[in-house]
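For reference, the chains in residue letters:
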Amino acid sequence: MKSFNMPVGPLHVSLEEPMYFRIDVEGEKVAGLEITAGHVHRGIEYLTAKRNIYQNLALIERVCSLCSNSHPEAYCMALETIAGIEVPERAQYLRVFADEIKRVASHMFNVAILAHVVGFESLFMHVMEAREIMQDTKETVFGNRMDLAANIIGGVKYDIDAAQSAYIISQLDRLEPLLLNEIIPVYETNATIQSRTRGIGRITREHCIEYGLMGPVARGAGHGYDVRTAAPYAVYDRMDVEVITYPDGDVWSRAMVRLKEVAASIRLLRQCLRDLPDGATDAGPLPFIPAGEAVTKVEAPRGELVYYVNTDGTDIPARVKWRVPSYMNWDVLHLMMVGEGISDIPLIVNSIDPCISCTER
Amino acid sequence: MTDASTIKDRVMSIARMIRGEFSISENRHGRVTAWITLADKDDLIATCHALKAFDARLSMITALADRNAGFNLLAYHFDIEGSTVTVKVKLVSGASIDSIVPIFRNADWHEREFMEFYDIKCTGRTDNRRLFLDESVDGRVMERLIPLSVISNAASTNMLFERLITDREKQ
């Protein structure tokens, strides 16, 4: 059998973000790969040391667009831990709301791209059109479709009144039946989706532990770690969080976890609106942050996002460091791809929902 | 889910095993946050083995620059069922630390990253290539002062000011 090396990327692998793969191929099967990052490294961690604590909030929200709410949330949580700031209860519910609405939009984007890679363009359009309901909702509530600018140190800077709440519920009432009655059944039963995604790019629960995998990638292989239940933050301890797992660890399972998590997030959004207490939405303007350090973690759409913040009592943080879930997920491509066909490479890459903006911070 | 007191006992058993500083606290959700600062960097591997025995997962490695303290700091953050244990190691500038990849596979990119951005070497590794920046860029960027105008390539800003000055002179 003839062996050769095949360059894939830096562009055109599922998404128009750059990551370079050198694939060793035997016949039409992948025999090995080498991943090269560094095409768009932006030095954002360095830049955090050039801005004050409050300016960094705007910078950090721009690490990534799909999980843009998770970054400032974890950053604020770290500063609140250092300063001993109690976030008002209403603000904590509003943080959960922002988290979950971003999860809906992020997951729907990923499963839509799966349909696009498979060549099922009508499904791609249908999922993206349904996703627009959430995008419109975000634009109406937050004034923006991607970077919500919801978090501030000590709370949030948005609120939901009765009229907005009614509008959001009407939007959820539009999206939920589309998802449950049309979109999920197609992914569950359609022969094209099944034949291209089931049994492809398989990993096991043991691999997840060995590689430190997180999020839907791990939950799609039966490893049910979710920060919202393992290390609850905000008011997740009061929410009915469903940790959704699938046992098979293939491309299809990862997609199904995301789809079922969209449905679960819609239920959490309804619960937030139902239980939202009265009260303040923040703990006061521009709090002083003393010297200290803290580690915080949140469940971003792609899994566990960890922040370490070190302050020295000045306005400029001594160190802000974060690790995104994609960081570990790249490594497991070595397992997922070997033995699979060349035509499955974009599907497998998309199935880890890779975030290059996050990786190349 | 293991309760907080069991995780506390486990972490304290590690703290008793090594020389260094130790603190521990528990949040309102019953999750533990522990900080261990090793007196001797050579205790890192034994500490990692002990954490691994308790099913700890490596979450992240943070390097902190030498800010006139005489040493760099490496902070290894671990997760045990939602609780967080951070193990800190002090390193004099240019010193090396043992790789923990044989214990925690996912340490690989973290170690490549701190070797690239800081003046810290890591021994026992096979792949020491840079992760992010091209070889033509000077190393240890996180320890050097790089003016913001250089980072952001302030050409456009200069152009703006030059145009403003030119416009003002015309008036």
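Please read all numbers here as calculations on a predicted model, not as lab measurements.

A. How the structure looks around the overall build of chain A. Along chain A, the regular secondary structure elements total 15 helices and eight strands. Against the compact-globule benchmark of 21 Å for 361 residues, chain A has a radius of gyration of 20 Å, which places it among compact chains. Taking the principal axes of its C-alpha atoms as reference, chain A extends roughly 70 × 45 × 30 Å. A total of 361 residues make up chain A; the buried ones form 51% of that total. Long-range pairs, those at least 24 residues apart, make up 71% of the contacts in chain A between residues at least 6 apart in sequence.

B. Expanded view of the UniProt feature "domain: NADH:ubiquinone oxidoreductase 30kDa subunit" (unreviewed entry) in chain B. According to UniProt, the positions carrying the feature "domain: NADH:ubiquinone oxidoreductase 30kDa subunit" (unreviewed entry) are residues 40–139 of chain B. Helix makes up 20% of residues 40–139 of chain B and strand 32%, and the two end C-alpha atoms of the span are 27 Å apart.

C. Quick look at the packing of helix α5 (residues 121–142) of chain A against helix α6 (residues 162–189) of chain A. All names here are of chain A. The contact between α5 and α6 brings their axes to 10 Å, and the two run at 165°. Considering the angle they form, α5 stands roughly antiparallel to α6. The way α5 lies across α6 gives a crossing that is left-handed. Here L123, H126, V127, A130, I133, M134, T137, T140 and V141 of α5 lie close against α6, whose contacting residues are Q164, Y167, I168, Q171, R174, L175, L178, L179, I183 and V186. When grouped by side-chain class, the residues that make up the contact of α5 with α6 number 13 nonpolar, five polar and one charged.

D. The UniProt feature "binding site: Fe cation" (unreviewed entry) in chain A, seen in detail. Residues and elements named next belong to chain A. Taking the numbering used here, the UniProt-annotated feature "binding site: Fe cation" (unreviewed entry) corresponds to C67 and C358. Of the residues just listed, which span 292 residues, no C-alpha pair is farther apart than 8.8 Å, and they cluster in one region. When you line up the elements, C67 lands in the loop between α2 (55–60) and α3 (70–83). You can call C67 buried: it has 27 C-beta atoms within 10 Å. Excluding anything up to four places from it in sequence, C67 contacts K102, S106, A300, P301, R302, L305, C355 and C358. Relative to the helices and strands, C358 is located in helix α15 (residues 356–359). Here C358 is in contact with V63, C64, C67, V324 and S326, once residues within four sequence places are set aside.

E. Up close: the sheet that holds strand β8 (residues 319–323) of chain A. Residue and element names in this part refer to chain A. The strand order β6-β7-β8 describes an open sheet built from three strands, whose pairing is antiparallel. This sheet does not close on itself; its edge strands, each paired only once, are β6 (292–300) and β8. Across this sheet, the average inter-strand angle for adjacent strands is 15°, counted without regard to direction. Each of β6, β7 (303–311) and β8 is contacted by α3, which is oriented at about 150° to β6, the strand it contacts most.

F. Here's a closer look at the nonpolar core. Ranked by internal contacts, the top residues of the largest apolar core, which has 150 residues, are Y75, M108 and V111 of chain A together with L74 and V85 of chain B. The element best represented in this core is helix α4 (residues 89–118) of chain A, accounting for 18 residues.

The rules behind these values
- Residues numbered from 1 in each chain as written.
- Chains lettered and ligands numbered in written order.
- Predicted model: local features only at pLDDT ≥ 70, side-chain atom pairs only at ≥ 80, totals over all residues.
- Helix = DSSP H or I, 4+ residues; strand = E, 2+ residues; numbered from the N terminus.
- Rg over C-alpha atoms; globule rule 2.2 N^0.38 Å.
- Buried ≥ 20, exposed ≤ 12 C-beta atoms within 10 Å, placed from the backbone.
- Contact = placed C-beta atoms within 7 Å.
- UniProt positions renumbered as here; feature names shortened; annotations may be inferred.
- Axes fitted to C-alpha atoms, helices over the stretch in contact; angles between N-to-C directions.
- Parallel < 35°, antiparallel > 145°, perpendicular 65-115°, else oblique.
- Left-handed = near helix turned anticlockwise from the far one by under 90°.
- Nonpolar A, V, L, I, M, F, W, Y, C, P; charged D, E, K, R; others polar.
- Pairing = 2+ DSSP bridges.
- Core = buried A, V, L, I, M, F, W, Y, C linked by C-beta atoms within 7 Å.

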